[in-house]
Amino acid sequence: MPLSLLKYGLRRDYVPHGDIPPTPDLKKSYDVVIVGGGGHGLAAAYYLSHVHGITDVAILEKGYLAGGNTARNTTTVRSNYMTEQSVAFYKEGVSLFETMSHDLGFNVMFSQRGQLTLAHSDATMRSFRLRAEMGKHMGTRIEVVDAKAVQEICPHVNMDFGGQHEVLGGLWHEDGGTARHDAVAWGYAKRAAEKGVEIHQRTEVQGFRKSGDRVTHVITDRGEIAAGQVLQAVGGLNGQVAELAGFRLPIRSFPLQAMVTQPLKPFLDVLLSSANMHTYLVQSSRGEVVIGGGSDPYQLVSTRSTFDQKEALAAGAVHLVPFLHNVKLLRQWAGITDMTPDYSPIMGESPLRNYWLDCGWGTWGFKATPVAGKRMAETIATGRVPEILKPFALSRFEHFALVNEMGATAASH
Amino acid sequence: MSSRLPQPWGSRIDRGATLAFKFEGRRVAGFEGDTIASALVANGQKVLSRSFKYHRPRGVLSMAGEDANTLVQLGPEPNVRADMRLAADGMVVSAQNVTGSLARDLAAPMDRLGRFLPVGFYYRSFFKPGSRAWLKLWEPIIRKSAGLGKVSFDPPAADYRKTSLHCDLVVVGAGAAGLCAALAAADAGIDVLLVDQNPDLGGALNYARFDIEGKAAADALRDLAARVQSHPKIRLLLAATCNGWYADNYLPVLQGDTLHKVRAAELILATGSQEQPLVFRNNDLPGIMYSSAAQRLMRLYAVRPGERAVVFAGGLDGYRVALDLDDAGIEVAALVEPADEAPDAGYLAAVSGRGIEVIKGARIAEAHGKMAVTAIDLRLASGEIRRIDCDLLVTAAGYTPGYQLALQAGAKLGHEDETGHFTLTNVPPHVHLAGSVAGHFDLADVRRSGATAGRAAARALGADVAQETESAPHPSRHANYRSDASPHPKGRDFIDFDEDLQAKDIWNAVKDGYRELELVKRFSTVGMGPSQGRHSALGTARIVAAATGRSVAQIGITTSRPPFGPEKLGLLAGPAHHPFRLTALHEDLVAAGAKMMPVGAWWRPAYFGARESAAAAIEAEVRAVREGVAVLDVSTLGKIALRGPDAGLFLDRFYTMLHSNQPVGRVRYCLALNEMGSVIDDGVAYRVSEEHFHVSTTTGMAPRIFADMSWWNAQWQMDVDIQNVTGAFAGLNVSGPLARKALAALDGDIDVSPEAFGFLDGRSGTLAGVPVHAMRIGFTGEISYELHVPYSKARALWQALMEAAAPLGIRPYGLEASRILRLEKGHIIIGQDTDAMTTPEELSMGWALSKKKNFHLGRTANRKRGEQPMTRKLCGFQLDGRPGAELGEGALVFKDGRPVGFVSSIAWSPTLAKTIGLAYAHPDDAAPGATIAIRRFDGRNLEAPVVSPHFYDPENERQTL
């Protein structure tokens, strides 16, 4: 038993940790206002306060802390992308996850059990080869494996369905893993708050006051506050918030659904996904099997579940691991994903001079929580966009300098 | 089984039909109609499982599937609710979450260690020492101790079915309210589907007591059930669970291994209510159960829940269950009335009259016992503790409404502070509530509210029923008991039995800063277990309210999400159908020796011949095309017919080339861009007549192109009809220097002479008596005729062609040869030689962008992208010798140490006796004469000379002959 637990147990009274301070009154002004109290906003606040010495920061969250996509995603962490720019960025994200529990003194349960993506067609094998080559070039742990190796890595995979969806091979990404999503947000919140960052839950941003190309004030349902710099990081609502700020983003919102089974004794170690089946499976530390897939086919801003998607995900899961037919589903939910045309995020400058963007995270934002937070904090603190973020500028859409990740994102997130 | 109560107790069991099953290796006898749990309790088995975290013994709590206490492993099936699943002869049942045996659980000391495991403990520990301690050391331990049932890797297959049902009105819940609702609506002429998860009609009428005499329920049930069962407008779905609400009353109903998908115009939710546990120290000991659980055991299964009972009467139902227990001959040692006065003098007199001691102003301080309750301590009004020995504690502490479906439909949850009840408001249109879910508890109220809801639904469906106002509920007589929300200093006062959470855990979560209910849930895991908050939501809300100084209404419950109850993935997945498509020629191809391969949903011939000699077979097929004549089945290509005066103009907008000026009888290449200006498909358009174009697409993109065309046609409102005729036409591509002779050998009215039928011409007529669209196009670079014929005629044409051209040596060829042939000719494959960013210019296909029109899809983007420097270009390269395993598609192309592109196609060319390939390279390197740096899969670099991508016959002399 770890020593820390012994200490708790031997105390007579519970000593509260105060991880998340109660929402304070709003001050009149802040150096930095972060719109959105999800993982990204909290991580940015952590890095602003711990690395850059900027502590006069308010995080405004319209609901409860990290209750949007941070709470709803299926916690895949990986870096097996298609382009050089993406691999460089997400690789830094993975490495930050590796030390996060220690950095925060809060167990985020990063579990690097590896991600195995299956190919059921030649075309998918070709794209895996490309991703593996790019990943190797960038120094990540990734390889294309044949059908035999797939069975060794994950003996439960159904290799053959009358030949139609035969598993031809896979993409084995040893760096891939999962983390406890809430813990990531809480860990950042706790440590940011210790430095004086204010977390305002149930505080909705309703508009901005501007002077020329600068935002001067943020208007909330609890009053108006002056802001030196503003960071927008609002998960599935970026179109709406940008509209409040007076500009448009190349974002379309689609619901993304996922579901979870009852807890079971461990049987699935790796993160298992199939691009062709539009399904992925991961068994959490609690033993639940989390099942997800692609976004809904129609644009919608709603977190309501649909039955059709549940049927499709179940069919995919039972396809991949047939014995799951006997396992029972416990819960189904949905988030809203802000999709960009190239399946890559938008980070950096906005049309306003002191207003920064961290958005367009589609279905893949969780894994970027630490690196986006770190790099956005650097951007805000220095006023300069670091090299690693430059490919993801909003302006890329004006001249189509896109960072295409459609093929590496589809059903793996 | 003499321990069973005599009839009429046990409405569900058939005493004439005995059964036996195994539980933990021990034989358990029961009757048909027993659940696993009722049979176990009847056999004296009070402990059914061990708890999740502390491995405490657990038994029946709700008898209604509202707790994880009764989850068992049934053969290969984990997490079966023993209080819901019918027992069957020969079943093998085992307890879950047990280390060692159920009676002597080796992990039971976990209970003592509980103090070392405060709420959220795993966030504060288990990540040291070293950066991989969680992954390598702690997580494996935690994962093993987490999880409930064991999944079987080899479960027997099940025959899952899906059906669709439609009806005017669905009534969920066949209790008193649901029965009355169904009858009222059916009497008004409405088709009603009545759904209940129980095998019998009547809901609580089967087990609950509604009056002192104990007659009202049975009388009501007899009357209502008879009328419902004989009503021609009512269909019954029993033992069927409405497991969720989806938009527009779309209701999945689970019945055994059948999933009924029901669409209802109107919906009445008569889902009843869920009894709630009383919170006190050791409230989880086996032998402590809800009043309704004791009633269910007795009335439904004739099972004695215990021998000496104490009843906690936090409401009227406590008095009722005391009377029931006394009726059953079970000693009631005391009835504990927490208030100073009884709520109803009649019941008090009835209970006292039976000689039952009523102790007023007292509450339960704690329970004692190791494997089951043996005594309880009461804290009397005086403050003294009084111990009473008992083996059964029945608690009546109040209810929450069966709110799940209503909340999924959009209703709002409120809380009535006066009565301590959750309430449902803002019920959306086409959904009605009836009975106790709407706060009605007196039987007359329940029946009235059911009938009112039934008539309201009938009226909404157009029946001639007078408007009436809904009667308000009278819940004050049925207020929920509210215990002190503060935690017991020594703990073990469980809020969430599934997750082993005590009152202090919720308090401490709030103290740690998790002040919002959702955060409390996420931090403590309250409500996340199999029963999804059914027995923990109210208790949690009360504590969070008390701890944060807010009202219970402000706290509420966490979002209610489907499913309502557990549902098997297999049932959702349905029968294992793997739809696939075969072309019209499938049998002929197989007969000709084809090795078939899947291409999307299609099966297509890879090559013809034995698997061992595949490479030789493929080379022979290539040679046949280059030197003689061979046929490829191209039936899988998308085919779209566009008809109307605007057909050409429509294609002008959709594709990059100009089609409106395309002469009749000509075929023109089609290139489709998306709005980003990227290439998404190609094909050809044959102008059959002035107002008719026959367009082909690639195999994979056929549905998408048709959908896009339909979408744009709706936007543009042009005078054109678009029809997907992919399945209506089969396709044969006859290719090779002898192709013309092969076609000439067929009877028909199409003149195939080069003068009459030149390259890129299209002709419609008959060949071998088969109507055909013939086009002089191909992928191979040889003389090619693509013949599109009606599906039903394809075999006739195939057989005629094979026969007539046999002297020419005609033969079929497959996809593998086709891929080589097209590569030799430098034709791209969309999706392989293109990616989501590919521009026509990168493919050197700028020629396909018509300059004579102002608009086509993707044109704006194409122009903007043209203003930027090109970053890559597709080029041809060649190598001596075969490529080997270390070089293939996906290999990166570098320039100055950075990846600039990749190999998209590579193959050994039997015709040229070289390895040839296409690759994206830096534009500076993409012209013939340059070299590109390719990195092999083994990391070695390779310099490859760049050549024209048209490796074979670059002057196009052969195909135009």
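Cut-offs used in this document
- Residues numbered from 1 in each chain as written.
- Chains lettered and ligands numbered in written order.
- Predicted model: local features only at pLDDT ≥ 70, side-chain atom pairs only at ≥ 80, totals over all residues.
- Heavy atoms only, no water.
- Helix = DSSP H or I, 4+ residues; strand = E, 2+ residues; numbered from the N terminus.
- Rg over C-alpha atoms; globule rule 2.2 N^0.38 Å.
- Contact = heavy atoms within 4.5 Å.
- Areas by Shrake-Rupley, 256 points an atom, 1.4 Å probe, with all protein chains shown as cover.
- Lys, Arg positive; Asp, Glu negative; His and termini not counted.
- Charge placed at Lys NZ, Arg CZ, Asp CG, Glu CD.
- Buried < 20%, exposed > 50% of the residue type's maximum accessible area, 1.4 Å probe, protein only.
- Polar contact = N/O pair within 3.5 Å; in protein donor to acceptor, adjacent residues only side chain to side chain.
- Buried area = accessible area lost by both parts, 1.4 Å probe.
- Salt bridge = Lys/Arg side-chain N within 4 Å of Asp/Glu carboxyl O.
- Nonpolar A, V, L, I, M, F, W, Y, C, P; charged D, E, K, R; others polar.
- Phe/Tyr/Trp six-rings, centres within 6.5 Å; stacked < 30°, edge-to-face > 60°.

## Here we look at the overall build of chain B
Within chain B, the regular secondary structure consists of 23 helices and 48 strands. Taken over the C-alpha trace, chain B has a radius of gyration of 38 Å; the compact-globule value for 961 residues is 30 Å, which it surpasses by more than 25%. Sequence separation of 24 or more characterises 66% of the internal contacts of chain B that already satisfy a separation of 6 or more. Here chain B has roughly 35500 Å² of accessible surface; of this, 51% comes from carbon and sulfur atoms. Charge centroids of chain B, computed over 105 positive and 106 negative side chains, lie 4 Å from each other.

## A short note on the environment of Arg286 of chain A
Along the chain, Arg286 of chain A turns up in the loop between strand 14 (279-283) and strand 15 (289-295). According to the relative accessible area criterion, Arg286 of chain A is buried, its value standing at 16%. Remark: the alpha-carbon pair of Arg286 of chain A and Leu271 of chain A, spanning 15 residues in sequence, is separated by 15 Å. Once residues lying within four places of it in the same chain are set aside, the contact partners of Arg286 of chain A are Pro263 of chain A together with Ala146, Gly147, Glu499, Thr525, Met528 and Gly529 of chain B. Reaching out from Arg286 of chain A, the side chain makes a polar contact with the side chain of Glu499 of chain B at a distance of 2.9 Å.

## Quick notes on the interface of chain A and chain B
By a widely used convention, the size of an interface equals the accessible area lost when the partners come together. Across the boundary between the two partners, chain A contributes 101 residues, which contact 116 residues of chain B. Note on chain A versus chain B: buried area summed over both sides is about 9400 Å², and carbon and sulfur give 59% of it. The interface formed by chain A and chain B contains 13 salt bridges. For Asp122 of chain A, the salt bridge identified is with Arg819 of chain B, shortest N-O distance 3.7 Å. Where chain A meets chain B, there are 47 residue pairs in polar contact (both at pLDDT 80 or more). Looking at the side of chain A that touches chain B, the elements that each hand over two or more residues are helix 1 (3-10), helix 3 (69-72), helix 4 (84-104), helix 5 (122-137), helix 7 (181-194), strand 12 (252-261), helix 9 (307-320) and strand 16 (328-339) of chain A. Of the residues that constitute the side of chain A that touches chain B, the class distribution is 43 nonpolar, 31 polar and 27 charged.

## Side note on the packing of aromatic side chains
What the rule picks out here adds up to 41 aromatic pairs over all chains. Residues Phe106 of chain A and Tyr123 of chain B carry aromatic rings whose centres are separated by 5.6 Å and whose planes lie at 0° to one another, so their mutual orientation is stacked. Of this pair, Phe106 of chain A sits in the loop between helix 4 and strand 4 (115-119) while Tyr123 of chain B is found in the loop between helix 2 (110-113) and helix 3 (133-145), placing the two residues in two different chains. The pair formed by Phe106 of chain A and Tyr123 of chain B is uniform in burial state, with each residue classed as buried. Pairing Tyr123 of chain B with Phe523 of chain B gives two aromatic rings, centres 5.5 Å apart and planes at 20°, and the pair type is stacked. One end of the pair, Tyr123 of chain B, is in the loop between helix 2 and helix 3; the other, Phe523 of chain B, is in helix 12 (residues 517-524), with 400 residues separating them in the sequence.

Remember, this is a structural readout, not a statement about activity or role.
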